Amino acid sequence: MTRNESSRIWGRLAAVAHAVGLGLALLVICLPGVWIVLSSLRPTVEIMAKPPVWIPRQLTLEAYTSMFGAVGQGGVPVWDYFRNSLIISVTSTVIAIAIGMAGGYAFARFRFRGKSAFFLGLMLSRTVPGISLSLPLFIIYARLGIIDTHFALIITYVALNVPFTIWLIDGFFRQVPRDLAEAAQIDGCTRWQAFWQVEFPLAGPGIASAAIFAFMTSWNEFALASQLTRSVNSKTLPVGLLDYTSEFTIDWRGMCALAVVMIAPAFALTFVIQKRLVAGLTFGAVKG
Amino acid sequence: MKRAALISAAIGPLLLASGAAPAANLPGSFPGVTIDAKLIGGKEYEPLYARIAEWEKLTGAKVNIISKKNHFELDKEFKSDIAANSIKWCVGSNHTSFAPQYPNLYTDLTKYVPKEELDKFVASNIKASTVNGKLVMLPRAKFDVSALYFLKSNYTDDAKKKAFKEKYGYDLAPPTTWQQVKDQSIFFSNPPNFYGTEFAGKEEAINGRFYEMVVAEGGDYIDAKGKPAFNSEAGVRALQFFVDLYKNKAVPPGTTNYLWDDLGAGFASGTIALDLDWPGWATYFNDPKSSKAAGNVGIVVQPAGSSGKRTGWSGSHGFSVTEACDHKDAAASLVWWLTNDDSQKIEAAAGSLPTRTAVWEWDVAQAASDPYKKEVLSTFQESAKYAFPVPPLAEWIEISNVVYPELQAAILGDKTAKAALDTAADKATKILQDAGKL
Amino acid sequence: MKSLRLGTPFLLLLPAIVVLLATVALPLALSFYSSLTPFKLTRPETLWVFVGARNYVNAFTDPVFWAAFGRTVLLLTVALNLEMLLGLGLALLMERVTRGQRLLRTLMMFPMMFSPILVGFQFKFMFNDNVGLINNALQSLGITDAAIPWLINGTLAFIAIVTAEVWSSTPVFAILILAGLLAMPREPIEAAKVDGCTPWQSFRYVTWPFIMPFAYIAMTIRSLDVGRAYDIVKIMTDGGPARRTELIWTLVARTAYSDARMGAANAMAYASIALSIVFTVYFFRKLAAARTQIAAEW
C-alpha cells in the first residue's frame, strides 16, 4: 500500500467519523425540538401513553386551531402576545444597540481614567439575578405607573442587554484600524461622518451578532416579564406559556403549539443573520 | 317602601350614597363606573368571563381585566401590590387556602351582598370563605374536595379477588378506609408498568394531603392553642401511610415531584389503580380522547382514617372585592354576578362542583341520563359532607413551605417520620412565634 | 481640547450609565436596604423596621442555605466545564462542514431559541419517571425495566438538571469558539503541519491558545447570566424533593414570594450576586491573561 493510498483511506475514514459525530450531535440538539413539534401535533392521549406510542398514529392541528380560536374555547390571545413580544424585543434591541455603539466606541477609541474598572463594573451589573431585581423594580415601576406597559419591559431589557452589546461592539471597533477613520478625517470628513461612512459599515457583523443576542435575550426572558406584565397589554410569549397551566392541569400539547409559534421567528432570524453572526462574535478577543 | 329603606340603612351608607338597589334589584345600575379586575386565567375559567359582557350591559358599568394569570402568579402579584402599596383595582380572584394570607386586602362582603343571596350558597362554603369573621370572597362553582377514582377492571377479575382474599383476609372491593387503600395499592402494583396509587408529593399539595390524613387519624395539625401539633402519634401514623406506600413501591418513584397535572396524566394513562383526586378530572378521565382509562373509571367517597373520620381537605375558588375599591357596591354586584345561579350552571356543566344549593339540584337533574356523571356527582355530593378547609392562618403557605421538605425527607427514607415531623413542627412553631401568634 | 477628550467618552457612555443606574443600581440599593429589615410583602409597614444584619446572620447560620450554596457552586462548575468541552467539540465539528453551513449552524443554535422556562417544562416531561421520553426509550430499548426516578434521586436529579442546563447553553460556547476558529489565521497551522506536528499537537499548541480567549468570553457571558438556570430548575424540581436539588435561586425565590419574606430573601440573594461576581471576575482575569499571551505570540 502506498503512502498516498493509506492517507486517502484515513481521510475518508475521518470524513465518515466526522459525519457520524456531527449527525449525533445535531440529533441530540434537535431531538427535544422535534419532540415539541410532534407533541403539538399529537392527541394528548398519545403523548402521555404508556406503553409509549413511538410512531404517531394520528396527527392533528387541533392544538393550533384551538389556540387561535376564540377565548373561552381554548383560545389564547396569541396575536397580542406575539405583538407585545415583537414590539418589546425589537425596540429594546434597537435601543440597546444604539447605546452599545456609543459605549463601545467610547471604550474602543478613547482613553480615560478608570476605564477598565468602569468596564468591569458595567459587566458586573449583569450579575444581579432577575429574582432579586424583580420586586424593587416592580415597586419603582408601580410608583411611576408604568406596570404592564411596553415601556417598562423595554427599558428593563435595554439594561439587561447594554453591558453585553457594549462589550461586543467595543471589541469590534478595536479591530477596525484607527488609521481608516483618521484618513477619512484628513480627507475632510468630520469625525461623525468618518464614523458613519468608514467605521460603522466595517463593524456591521459585530453589530449584527450583538443584535441577535440581545433579541434572543428579550424574546425569551421570563423571570422579570412575569413580574412586570399583567394582561394582554404587555404579556409576552414566555409569560403566555403559563396560560396553559391552571391550578390542576398543564396542557402540554397546547404549550408545545405556543412554543412552536415562539421559536419559529427566532429560528428564521438566526437563519437569515447567521453568517454575519459568526463573523461578528470576535469581541476583539485577538486584539487586546 | 319603609322596609326597603330600613334594609338600605342597615346595609350601609355607601350603598345609599350611590343609590344602589337592595336585594331584589341585583345586579343594580352603575352607569359610568369602571371596575378593574385581576382574574385567574386558564382555559377552563374563560367561559365564565364571557358572561361579564352581559353584566356590563345590565348595569352600565365597565369591567377592565387588568391581569389574567394562573393562581400562583396571581398570588405573587397580589403580594407585590400590597408591598408596593399599589392596590388600584377592585375585584380579584381568590382561593380559600390563600385568602388568610392577605387579611387586610379584601373587604367584608356581607355589607354589600344581601343576606338572602348569601343564604343561597351552601353554608359550609360560606364559612370557609370567612376569615376573622369577614366574608372575604364569594365562592364560585369551583369547589374542590377529593374522592377516590379507581379502575373498575381491577375489581372484576376473579383471580385477583381470590389472591387478595388469601393474602389479606377480606374481600377485594373499592376501599372505604385508608388501610384498605394501602393494602390494595401494594397488591395491585407491578412497577414500572402499573402502580397501586399516587400522590402529589410537593409544596402545598403534599402538606394538604398530610393535613387531611392527620385529621382522619384523629389528630390536630394546629391545636386549640394555635400551636403546631402534627408531630403527635396521629401525625406520625398519617405520614407513615405515605412512607409505606413509597417504600413498598406502590406509587411511581417520581411521585414526590408530582403535582396535580402529573397525577391526572398518570391516572389517565391507565397505569394507576387508585387515585384520590379532584372533581375537575371526572370528565377528562372518562373521555377516550384524553384518557386510556375511559369506560373503566369508578369513583367512591374518600376513605376514612383509623379514627373513623374521613379525609376531606377542601378549597374553593372565588372572587373578592378590595378594601381600596372606590365602587365596592358595583364590584360586589360583579362578584355576585359571577357566582350566581346562571354563572354556576355554566361552570358546573363543564364538570366542576357548584357552591349554591339550587345549582347542586340542577346539576344532579342534568346528569340523570348519564350514569357515569350521576355516579360522580352523587359521590362528590357525599364527599362534600366531610369537607373541611385548611386552618385559617395567614402563615399557612409559609408553614407549608417548611413542612413539605421534611415530609419528603421522610417519604424518601432520609429520616424517620417522627424525626421529620419534629423538625417540621419546630420550624412551623418558629414561624408562628415570629408572627407574634404564640 | 483636553476637556473635550475627557468629556466625549463620558457623553457617549451617558445613556448606558443612566439606564443601568435606573434599572439596576437603584433597585439594588432598595433591595439592599430591605435586606436590613424584616420586610414582609403582605405587611408593608415592616419595611420601616431596621434589624441590622439579622437576616444575614440567620442565612449564614442556616445549614439549608449553605447546602444550597454549595450545590449551586457545584452545579455551575460542572455545567460550565461540560458546556465548554461539548461546545469545543461541536465547534470543531462545525468548522469542518463544507456544505449546508447555513442550515447546520442555525440548527446548532437551536437550543438558544428556547425560553429557559420552556426548557424546564420540556425536560421535566422528558425525565418523568412514568410517562417520560427517557424512561420510555430506555424501557423500549430493553436497557432497563425499572422506572428510573430521574427527578427524585439526588444524584440523578442533579444529572437531569445539568443535562437541561448543558443542552440549553452549550450553543453559546459552540458559536463563540466557532467564531474564534474561523477568525484564526491559516498560516500557523500550515506551518505546524510543515514542521511535522501531529493533528493533536497542532491543536494543542496552535489552535487551542488562539481560541482560549473565546472560551473565556463564553465562560464570562455564562457566569454573568447564570441566574437563567433558575427558570429551568424552578419548573423541573423547584429544589425538591426534600431539598435534594435546592439551589440558592430556588431558595431565594420561595422565601421572597411564597413565604413573602422579602427582607430575608434579599439577604440571601446578595450571596448569589457575590458568587456570580467571583466567577465573572475570575474568568475576566483569565481572559485578559489569554489575550496578552496571544498578542505576544501573534
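Residues numbered from 1 in each chain as written. Chains lettered and ligands numbered in written order. Predicted model: local features only at pLDDT ≥ 70, side-chain atom pairs only at ≥ 80, totals over all residues.

## A closer look at the overall build of chain C
Now for step 1: Within chain C one finds 12 helices and 0 strands.
Now for step 2: The linear arrangement of helices and strands in chain C, starting from the amino end, is α-α-α-α-α-α-α-α-α-α-α-α.
Now for step 3: Its C-alpha atoms give chain C principal-axis dimensions of about 75 × 75 × 35 Å.
Now for step 4: Each of the 298 residues in chain C was classed as buried or not, and the buried ones make up 53%. (Helix = DSSP H or I, 4+ residues; strand = E, 2+ residues; numbered from the N terminus. Buried ≥ 20, exposed ≤ 12 C-beta atoms within 10 Å, placed from the backbone.)

## Digging into the nonpolar core
Now for step 1: Ranked by internal contacts, the top residues of the largest apolar core, which has 308 residues, are Leu258(A), Ile177(C) and Met268(C).
Now for step 2: Among the elements that line this core, the one with the most residues is helix H7 (residues 150–175) of chain A, at 16 residues.
Now for step 3: Not counting residues up to four positions away in its chain, the partners in contact with Leu258(A) are Met67(A), Val76(A), Val78(A), Leu237(A), Gly240(A), Leu241(A) and Tyr244(A). (Core = buried A, V, L, I, M, F, W, Y, C linked by C-beta atoms within 7 Å. Contact = placed C-beta atoms within 7 Å.)

## Brief notes about the sheet that holds strand S8 (residues 274–277) of chain B
All names here are of chain B.
Now for step 1: The strand order across the open sheet built from 3 strands is S8-S7-S9, with neighbouring strands paired in antiparallel fashion. The outermost strands of the open sheet, each flanked by one partner alone, are S8 and strand S9 (297–300). Taken over all neighbouring pairs, the strand axes of this sheet differ in orientation by 30° on average, direction set aside.
Now for step 2: In terms of strand pairing, strand S7 (residues 147–151) meets S9 through 4 bridges, oriented antiparallel. Pairing of Phe150 across the sheet is with Gly298, part of S9.
Now for step 3: In the packing of helix H12 (residues 260–268) onto the sheet, the strands contacted are S7 and S8, and the crossing angle to S8 comes to about 145°. (Pairing = 2+ DSSP bridges. Axes fitted to C-alpha atoms, helices over the stretch in contact; angles between N-to-C directions.)

## So, the pairing of strand S10 (residues 314–321) of chain B
All names here are of chain B.
Now for step 1: The buried fraction of S10 is high, at 8 of 8 residues.
Now for step 2: Residues Ser314, Ser316, Gly318 and Ser320 point to one face of S10 and Gly315, His317, Phe319 and Val321 to the other, with burial holding for every one of them.
Now for step 3: Strand direction decides the pairing type here: strand S3 (residues 91–95) and S10, joined by 5 bridges, are antiparallel. Looking across to S10, one finds that Val91 is bridged to Val321.
Now for step 4: When strand S6 (residues 138–145) meets S10, the two strands line up antiparallel, connected through 5 bridges. When the sheet's bridge partners are listed, Pro139 is paired in S10 with Gly318.

## What to know about the interface of chain A and chain C
Now for step 1: Across the contact, 69 residues belong to chain A and 77 residues belong to chain C.
Now for step 2: Breaking the side of chain A that touches chain C down by element, the ones donating at least two residues are helix H1 (3–41), helix H4 (78–109), helix H5 (115–124), helix H6 (130–144), H7, helix H10 (204–220) and helix H13 (252–280) of chain A.
Now for step 3: Ranked by the residues each element gives to the side of chain A that touches chain C, the list is headed by H13(A), at 12 residues.

## Looking at the domain arrangement of chain B
Residue and element names in this part refer to chain B.
Now for step 1: Here chain B is described as being made up of domain 1 (2–144 + 315–384) and domain 2 (147–311 + 395–434).
Now for step 2: Here the C-alpha centre of domain 2 lies 32 Å away from the C-alpha centre of domain 1.
Now for step 3: On the side of domain 2, 14 residues touch domain 1, which itself brings 15 residues to the contact.
Now for step 4: Broken down by element, the residue count for the side of domain 1 that touches domain 2 peaks at 7 residues, all from helix H17 (residues 371–385).
Now for step 5: Taken together, the residues of the side of domain 1 that touches domain 2 sort by class into 6 nonpolar, 6 polar and 3 charged. (Domains from an automatic or database assignment. Nonpolar A, V, L, I, M, F, W, Y, C, P; charged D, E, K, R; others polar.)

## Some words on helix H8 (residues 187–194) of chain C
Now for step 1: Within H8(C), only 0 of the 8 residues are buried, which leaves the element largely exposed.
Now for step 2: Of the residues trailing H8(C), Gly196(C) is marked for its positive phi of about 85°.

## Here's the deal with the confidence of the model for chain B
Low pLDDT marks regions whose predicted coordinates should not be analysed in detail.
Now for step 1: Taken over all residues, the pLDDT of chain B has a mean of 90, while the share at 70 or more is 95%.
Now for step 2: Considering only residues more than four positions removed or in separate chains, one finds that residues 1–24 of chain B, a stretch of pLDDT under 50, has 20 contacts. (pLDDT = per-residue confidence, 0-100.)

## Description of unusual backbone geometry
Now for step 1: The amide bond that connects Pro191(B) to the next residue, Pro192(B), takes the cis arrangement and shows omega of 0°.
Now for step 2: Position of Pro192(B) relative to the elements: it lies in the loop between helix H9 (178–188) and helix H10 (203–216).
Now for step 3: For Asp148(A), which is not a glycine, the phi torsion comes out positive at approximately 60°.
Now for step 4: Structurally, Asp148(A) is set in the loop between H6 and H7.

## Overview of the interface of chain B and chain A
Now for step 1: Contacts between the two partners involve 33 residues from chain B, matched on the other side by 27 residues from chain A.
Now for step 2: When contributions to the side of chain B that touches chain A are tallied by element, the ones reaching two or more residues are helix H3 (46–49), strand S2 (62–69), helix H5 (71–84) and H12 of chain B.
Now for step 3: Broken down by element, the side of chain B that touches chain A gets its largest block of residues, 6 residues, from H5(B).
Now for step 4: Along the lines of polarity and charge, the residues of the side of chain B that touches chain A split into 10 nonpolar, 13 polar and 10 charged.

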